[in-house]
Amino acid sequence: MARPKIALIGAGQIGGTLAHLAAIKELGDVVLFDIAEGTPQGKALDIAESGPSEGFDGAFRGTNSYEDIAGADVCIVTAGVPRKPGMSRDDLLGINLKVMKSVGEGIRANAPNAFVICITNPLDAMVWALREFSGLPHNKVVGMAGVLDSARFRHFLSLEFEVSMRDVTAFVLGGHGDTMVPLVRYSTVAGIPLPDLIEMGWTTQERMDAIVQRTRDGGAEIVGLLKTGSAFYAPATSAIEMAESYLKDQRRLLPCAAYVDGALGLKGMYVGVPTVIGANGIERIVDIRLTKDEQAMFDKSVAAVNGLVEACKAIDPSLA
Ligand code: A3D
């Protein structure tokens, strides 16, 4: 059987890391696409040359032509610009919306059967726009944010409890922005819910609130440290987790920005929810129950995402 074909649209910090991870995990042949001449070609060759030492097989190609993504099984989109210190993700909307238009058209023409994972910010609005521009089925276009936000939450919790990150499960829902909703009640250490751990004296409510806030600010913390761009190792790892679930039909239950029409009381919008990813893309959206307080936080996040979608429609009337 031929190896799966993975197209990475955008060969910047995240794109290059995605290519390296896909190579090491032998997920398939990789095509790196970018408008910058030489960058995708250079990164593809560099990664291919790590093969003899790492011991992987696969073809790696860099390109500036959309025709080379033809027939891709998975497309991961990072094309656009990242934020700099002092910028919010929403400040990227105007410039990245134009990028989504060209990427959506490139995917529509060359890889209409792909499972598409969008990473470009502001995430929930960009994945919505990318779906509109590409015309692909909603279950095949999804945004990466919840896996990363949950991974950050899990990391901070493992530091607090001094336990392995592997034994911490956590859920972050809603839009990928300042209003994201880390769900303490649905997060556990080896199955023990966080509220029980607070009662057991493992931590305090104040420390838990601080961890929740650090999770919300997780992206900005790294932007502040790096100064020249945003996080890329953990975002790439998170998207690869989603791609692997699709390619291997793992049916992982992962929080993703998916198209929700009915579940959680929502009508036809992209926002972070628990999903099952398998061979058909988004196989299922988990219609979890929220408390009044959680629902209020989620509603606020949904309103923020809707505001960004309206802003996209105002910029590009073809989306209205
Ligand atoms: P960067 O290293 O700048 O790479 C972006 C690449 O996109 C560059 O190589 C550009 O040349 C390329 N590009 C620009 N316009 C086009 C175009 N029209 N077609 C094809 N390629 C183009 O950024 P990065 O890799 O660090 O980040 C990429 C995106 O991911 C940004 O929008 C970030 O804000 C976003 N991001 C999202 C998350 C989430 O959790 C959702 C996390 C981190 C970064």
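Okay, so let's go over this structure.

Conventions we followed
- Residues numbered from 1 in each chain as written.
- Predicted model: local features only at pLDDT ≥ 70, side-chain atom pairs only at ≥ 80, totals over all residues.
- Heavy atoms only, no water.
- Phe/Tyr/Trp six-rings, centres within 6.5 Å; stacked < 30°, edge-to-face > 60°.
- Helix = DSSP H or I, 4+ residues; strand = E, 2+ residues; numbered from the N terminus.
- Buried < 20%, exposed > 50% of the residue type's maximum accessible area, 1.4 Å probe, protein only.
- Lys NZ or Arg CZ within 6 Å of the ring centre and 35° of its normal.
- Expected span 1.5 Å × (residues − 1).
- Contact = heavy atoms within 4.5 Å.
- Salt bridge = Lys/Arg side-chain N within 4 Å of Asp/Glu carboxyl O.

**A short note on the packing of aromatic side chains**
Piece 1. Counting across every chain of the model gives six aromatic pairs.
Piece 2. The interplanar angle of 25° and the centroid separation of 4.0 Å between the aromatic rings of Phe33 and Tyr66 together place this pair among those described as stacked. Pair noted here: Phe33 is in strand β2 (residues 29–33) and Tyr66 is in the loop between β3 (60–63) and β4 (74–77), with a separation of 33 residues, a long-range link. Each member of the pair, Phe33 as well as Tyr66, is classed as buried.
Piece 3. Between Arg185 and the ring centre of Tyr186, over which it is positioned, the NZ or CZ distance is 4.7 Å.

**Quick word on helix α1 (residues 13–24)**
Piece 1. Compared with the 16 Å implied by 1.5 Å per residue over twelve residues, the 17 Å span of α1 between its first and last C-alpha is a close match.
Piece 2. Lining the buried residues of α1 we find β1 (5–9), β2, α2 (39–48), β3, β4 and α10 (233–247).
Piece 3. Once α1 ends, the next one or two residues include Glu26, with phi positive near 50°.

**Examining helix α6 (residues 146–161)**
Residues three or four positions apart in an α-helix share a direction because the helix packs 3.6 residues into each turn.
Piece 1. With 16 residues, α6 should cover 22 Å at 1.5 Å per step; its first-to-last C-alpha distance of 22 Å lies within 8% of that length.
Piece 2. α6 sits mainly inside the fold: twelve of its 16 residues count as buried.
Piece 3. Three or more residues of α6 are buried, namely Gly146, Val147, Leu148, Asp149, Ser150, Arg152, Phe153, Phe156, Leu157, Ser158, Glu160 and Phe161.
Piece 4. Directly beyond the C-terminal end of α6, a positive phi value near 55° is found at Glu162.

**Comments concerning the pattern of salt bridges**
Piece 1. By the definition in use, this model includes 14 salt bridges.
Piece 2. A salt bridge links Glu244 to Lys25; the shortest N-O distance between them is 3.1 Å. One end of the pair, Glu244, is in helix α10; the other, Lys25, is in the loop between α1 and β2, with 219 residues separating them in the sequence.
Piece 3. Classification of Lys25 as partly exposed rests on a relative accessible area of 40%.
Piece 4. Residue Asp287 is joined to Arg289 by a salt bridge in which the shortest nitrogen-to-oxygen separation is 4.0 Å.
Piece 5. On the accessibility criterion, Asp287 (37% relative accessible area) is partly exposed.
Piece 6. Under the relative-accessibility criterion, Arg289 is labelled exposed at 60%.
Piece 7. Three or more residues joined by partner-sharing salt bridges are found here, namely Lys25, Glu244 and Lys248.

Keep in mind these values describe shape, not function.
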